[in-house]
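Each chain, letter by letter, is given below.
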Amino acid sequence: MRIPALATLTIAAVLTATPALAQTYDPKYPVCLQTYGISGGYIDCSYGSLAQCSATASGRAAQCITNPFFAGAQRPVEPRYRRGVH
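A few points on the structure. (Residues numbered from 1 in each chain as written. Predicted model: local features only at pLDDT ≥ 70, side-chain atom pairs only at ≥ 80, totals over all residues. Heavy atoms only, no water.)

**Focus on the nonpolar core**
Working step 1: Core analysis: the biggest nonpolar cluster contains five residues, these being V31, L33, Y47, C53 and A57.
Working step 2: Only β1 (31-35) and α2 (50-57) provide two or more residues apiece to this core.
Working step 3: Filtering out sequence-adjacent residues up to four positions away, A57 remains in contact with L33, A62 and C64. (Core = buried A, V, L, I, M, F, W, Y, C linked by side-chain atoms within 4.5 Å. Buried < 20%, exposed > 50% of the residue type's maximum accessible area, 1.4 Å probe, protein only. Helix = DSSP H or I, 4+ residues; strand = E, 2+ residues; numbered from the N terminus. Contact = heavy atoms within 4.5 Å.)

**Let's talk about the state of the cysteines**
Working step 1: In this structure the tally under the stated criterion is two disulfides.
Working step 2: Each sulfur in the disulfide pair C32 and C45 lies 1.9 Å from the other. Residues C32 and C45 are joined through a disulfide that is right-handed, its torsion about the S-S bond being 100°. Here C32, found in strand β1, pairs with C45, found in strand β2 (residues 42-47); they are 13 residues apart in sequence, far enough to count as distant. (Disulfide = S-S within 2.5 Å.)

**Some remarks on the sheet that holds β2**
Working step 1: Ordered by their spatial adjacency, three strands build an open sheet running β2-β1-β3, and the pairing between neighbours is antiparallel. On the outer flanks of this sheet lie β2 and β3 (62-66), each paired with one strand and no other. Across the sheet, the mean angle from the axis of one strand to that of its neighbour is 30°, orientation sign disregarded.
Working step 2: Docked against the sheet, α2 engages β1, β2 and β3, running at close to 20° with respect to β1. (Pairing = 2+ DSSP bridges. Axes fitted to C-alpha atoms, helices over the stretch in contact; angles between N-to-C directions.)

Shape is all these values report; function is a separate question.
What follows is the structure, given as structure tokens:
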């Protein structure tokens, strides 16, 4: 009796599970708009500047964040040391 009940419960759990939506960070833009809502939020990475994003976020439950996957982001330059010629 336990095995059929467990199997039924497992099948019901698998069939009622909903797929999770993937967050997309567009690597072409440096700024993202993160919105919040009762039914969930989303992230929209289609802004070229913080000012542009802030204008869109104004008056909404949203904030502007830097895109962690921005392809144009530059890594800090490490100092190059020269070997002295003796």
